[in-house]
Amino acid sequence: MIPNHSFPRFSPLRPRRGIAAVWALVVLAVLTVVIGVITWQSVTGFRRADHRQAQLQALWLARSGVELAAARLLANPAGYTGETLELIPRSQVRIEV
């Protein structure tokens, strides 16, 4: 009797399917980590930008308060004791002399 070689008992594709599934999981895991890192960096960057903007706004508000106080003191040195202003919305500049 001649053995039938046209249909092998063990298919050579079976191990490759398992390897392909493992590779797909590895690729998905790496992509998940990369997307997570990019998202974290983006959120951190936005927070830093907001913080920097708040710092610059506070600096310029302080400078404007000093300039305003100097102008008021030059105009009336004896009568000016200070004031509280809202130069921009949700801000407060308090001048005390």
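From a predicted model like this one, the values you see are computed outputs, not experimental measurements.

A.B. asks: Give me the lowdown on unusual backbone geometry, citing residues and values where you can.
C.D. replies: The backbone phi angle of Arg90 is positive, close to 60°, even though this residue is not glycine. Given a relative accessible area of 85%, Arg90 falls into the exposed group.

A.B. asks: Give a detailed account of the packing of aromatic side chains, specifying residues and quantitative values.
C.D. replies: Under the defined criterion, the tally for this structure stands at zero aromatic pairs. Lying across the ring of Trp60, Arg63 places its NZ or CZ 4.7 Å from the centre.

A.B. asks: Describe the nonpolar core, with residues and values.
C.D. replies: Counting five residues, the largest nonpolar core consists of Leu61, Ala69, Tyr80, Val93 and Ile95. Breaking this core down by element, the ones donating at least two residues are helix H1 (13-75) and strand S2 (93-96). Leave out the neighbours within four places in its chain, and Val93 touches Leu61, Gly65, Glu83, Thr84, Leu85 and Leu87.

Thresholds, definitions, all that
- Residues numbered from 1 in each chain as written.
- Predicted model: local features only at pLDDT ≥ 70, side-chain atom pairs only at ≥ 80, totals over all residues.
- Heavy atoms only, no water.
- Buried < 20%, exposed > 50% of the residue type's maximum accessible area, 1.4 Å probe, protein only.
- Phe/Tyr/Trp six-rings, centres within 6.5 Å; stacked < 30°, edge-to-face > 60°.
- Lys NZ or Arg CZ within 6 Å of the ring centre and 35° of its normal.
- Core = buried A, V, L, I, M, F, W, Y, C linked by side-chain atoms within 4.5 Å.
- Helix = DSSP H or I, 4+ residues; strand = E, 2+ residues; numbered from the N terminus.
- Contact = heavy atoms within 4.5 Å.

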